[in-house]
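Summary of the model geometry
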Number of protein chains: 4
Amino acid sequence: MRTRGVLHHDTEVTVPFFDVDSINVVWHGHYVKYLEIARCALLDRIGYNYAQMKESGYVWPVIDLQLRYVQAASFGQTLRVRADLIEWRNRLKIHYLVSDANSGERLTRASTVQVAVNLADGAMQLVSPQIMVDAVEKHLA
Amino acid sequence: MRTRGVLHHDTEVTVPFFDVDSINVVWHGHYVKYLEIARCALLDRIGYNYAQMKESGYVWPVIDLQLRYVQAASFGQTLRVRADLIEWRNRLKIHYLVSDANSGERLTRASTVQVAVNLADGAMQLVSPQIMVDAVEKHLA
Amino acid sequence: MRTRGVLHHDTEVTVPFFDVDSINVVWHGHYVKYLEIARCALLDRIGYNYAQMKESGYVWPVIDLQLRYVQAASFGQTLRVRADLIEWRNRLKIHYLVSDANSGERLTRASTVQVAVNLADGAMQLVSPQIMVDAVEKHLA
Amino acid sequence: MRTRGVLHHDTEVTVPFFDVDSINVVWHGHYVKYLEIARCALLDRIGYNYAQMKESGYVWPVIDLQLRYVQAASFGQTLRVRADLIEWRNRLKIHYLVSDANSGERLTRASTVQVAVNLADGAMQLVSPQIMVDAVEKHLA
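Computed from a predicted structure; not experimentally measured.

Cut-off values and rules
Residues numbered from 1 in each chain as written. Chains lettered and ligands numbered in written order. Predicted model: local features only at pLDDT ≥ 70, side-chain atom pairs only at ≥ 80, totals over all residues. Least-squares fit on C-alpha atoms with pLDDT ≥ 70 in both. Contact = placed C-beta atoms within 7 Å. Nonpolar A, V, L, I, M, F, W, Y, C, P; charged D, E, K, R; others polar. Helix = DSSP H or I, 4+ residues; strand = E, 2+ residues; numbered from the N terminus. Pairing = 2+ DSSP bridges. Axes fitted to C-alpha atoms, helices over the stretch in contact; angles between N-to-C directions. Buried ≥ 20, exposed ≤ 12 C-beta atoms within 10 Å, placed from the backbone. pLDDT = per-residue confidence, 0-100. Arc of directions from axis to C-beta.

**Brief notes about the relation of the copies chain A and chain B**
A rotation about an axis combined with a shift along that same axis relates the two copies of the chain. Expressed as a screw transformation, the operator carrying chain A onto chain B has a rotation angle of 180 degrees and an axial translation of 0.0 Å, and the superposed copies differ by an RMSD of 0.0 Å. Both copies are brought into coincidence by an operation consistent with a two-fold rotation axis. Interface residue correspondence from chain A to chain B reaches 100%, placing this contact among same-surface, isologous pairings.

Here it is, written out as structure tokens:
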């Protein structure tokens, strides 16, 4: 899960009290929320976010999710979530690195894979809709 | 919040690990989930549940929520959530009593108020749709 | 739930995708999270936050929670949560107003009541520990 | 993620309203909760659950989590979560299969890896504490 993407975006998340478990660390499942917050920020930046996906006639469900936890995070800690765009032509693959915003210490790595599904007929797309490719290429240009 | 309703339903919920906070008790916000699980079970019994509400052309958003916490709950504890139907003719008012399923000790009291909103035009209804009244009266008969 | 407090703090929260339900609005239970984020920011400002509470030998469980929902919120909307300090001498009472950060439209009102519990013996305190009173008075001075 | 374990346990979970997103399916992050419910049930059966782990002086944080989503789940659907014990001597590896409880249709596959951390000194254990090995072997005998 180490590859750097063609473009990336950093988002900060401060750990709320209600995400911390009885071991005094962020419960492992809550990171999925942090990833989505970072992914949405990356997609906003690319100009093809969830709302724009829906307008274009597609939803992009997550079909694969992987997380590797290295260090725990705790209440009040400010996390930096770096989201790297890895693939976009056939499916949307994003890598994530969650680190401490102050020290830079690496806490968690993750990846998600999403594919486009046509809202009209529910068909999974084997290649990304052109609007996604255009949005990325426009951003890279 | 003590009135007993014309009908009630008991639901059991076992506290999962991820609902417990760093003080080792259920985080207060998670009880809203337990209430909805109990409410859905009560509405299933009445025969006018969320799916049936939508089919009938209405959604019933919660407009008022009150919780009074007496005793904390902990990981693995089995809770009984009693949902009492208090009002249904103009709005849907339900009272809840969360207690320990084994000892019967009372832990939390709550109430919710919901009103019907017409899906077609978004208009809040000042009286309950007849289908709700009929469902309750049929059940009480 | 309309009283203004002796001091208040505004916090912004952007509605994440995972807080929105199948009716396309924020599920009512998620507001409890927004309240706590605003409450923690207010307590940070007063100088007696959750960590400082624990260091001082107390936890402050929520014993009463009330929410009144006026307008729904949706994905991506930026909310302003105003937290007003109402009482602090015997118990901690905070009022909340959730509004749209751009239009100022009022969406939800809420209140919470917390009481101090001594960590050493688990005893609920009938008056607030002096450290709370001092923190508020220092801030007001 | 297909290997069957030396022992397994099935748990049923009914999808609550608040786990369903604006696309009308279970938000992908909520499956992490279903996995933990199934894992806790499996560990209860083995006789070395979270409470017993803590009593024995260890916590077992999840260090790796993988999910592969095949079919979506919806509100009210009853899911069967099969948890298979794959490894336990050095680390705890569990595979999961989430399927529709009625039709048996396969919805999601997942795996988690946990390692023992000594509560006394925070040291990650390279082999499982004997109590884990004994619990599994006693159950298999």
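**Observations regarding the interface of chain A and chain B**
Between chain A and chain B, the residue contacts involve nine residues of the former and nine residues of the latter. The class makeup of the residues in the side of chain A that touches chain B is five nonpolar, three polar and one charged.

**Some points on the interface of chain A and chain D**
Chain A puts 16 residues into the contact, and the matching count from chain D is 16 residues. Counting only elements with at least two residues in the side of chain A that touches chain D, the list comes to α1 (31-46) and β3 (62-69) of chain A. A per-element tally of the side of chain A that touches chain D places β3 of chain A first, with eight residues. A breakdown of the residues in the side of chain A that touches chain D according to their chemical character gives 10 nonpolar, three polar and three charged. When β3 of chain A meets strand β3 (residues 62-69) of chain D, the two strands line up antiparallel, connected through five bridges.

**A look at the sheet that holds strand β4 (residues 78-87) of chain D**
Taken in spatial order, the 10 strands line up as β1(A)-β4(A)-β5(A)-β6(A)-β3(A)-β3(D)-β6(D)-β5(D)-β4(D)-β1(D) in an open sheet, and their pairing is antiparallel. The sheet terminates laterally at β1 (7-14) of chain A together with β1 (7-14) of chain D, the two strands that pair on one side only. Averaged over all pairs of adjacent strands, the angle between their axes in this sheet comes to 15 degrees, without regard to strand direction. Here seven bridges tie β3 of chain A to strand β6 (residues 106-114) of chain A, and the two strands are oriented antiparallel to one another. Among the inter-strand pairings, Q66 of chain A is bridged to a residue of β6 of chain A, identified as S111 of chain A.

**Concerning the relation of the copies chain A and chain D**
In screw terms, the move from chain A to chain D is a rotation of 180 degrees and a rise of 0.0 Å along the axis, fitting with an RMSD of 0.0 Å. The share of interface residues of chain A whose copies in chain D are also at the interface is 100%, consistent with both copies meeting through the same surface.

**Some thoughts on the pairing of strand β5 (residues 92-100) of chain B**
Residues and elements named next belong to chain B. Burial analysis of β5 places seven of its nine residues in the buried class, which makes it a mostly covered element. Of the strand pairs in this sheet, strand β4 (residues 78-87) and β5 are connected by eight bridges, and their pairing is antiparallel. By the bridge assignment, L79 is partnered in β5 with D100. Connecting the antiparallel pair β4 and β5 is a turn made up of four residues.

**Digging into the confidence of the model for chain A**
When pLDDT is averaged along chain A, the result is 96, and 99% of the positions lie at 70 or above. Reported for the predicted complex are a pTM of 0.97 and an ipTM of 0.96.

**With respect to the sheet that holds strand β1 (residues 7-14) of chain C**
With respect to topology, 10 strands assemble into an open sheet ordered β1(B)-β4(B)-β5(B)-β6(B)-β3(B)-β3(C)-β6(C)-β5(C)-β4(C)-β1(C), the strand pairing being antiparallel. Looking at the sheet topology across the chains shown, the edges are occupied by β1 (7-14) of chain B together with β1 of chain C. Strand-to-strand twist of the sheet, defined as the mean angle between neighbouring strand axes without regard to direction, takes the value 15 degrees.

**Brief notes about unusual backbone geometry**
Residues and elements named next belong to chain B. With phi around 75 degrees, N24 is a residue other than glycine that occupies positive phi space. Inspection of the secondary structure puts N24 in the loop between β1 and α1 (31-46). Its 11 C-beta neighbours within 10 Å are what place N24 among the exposed residues.

**Observations concerning helix α3 (residues 130-140) of chain B**
All names here are of chain B. For α3, every residue scored as buried is listed here: M132, A135 and V136. Buried residues of α3 fall within an arc of 90 degrees about the axis and therefore sit on the same side. Opposite the buried face of α3, at more than 90 degrees from it, the exposed residues are Q130, E137 and K138. Buried-residue contacts for α3 involve α1 and β4.

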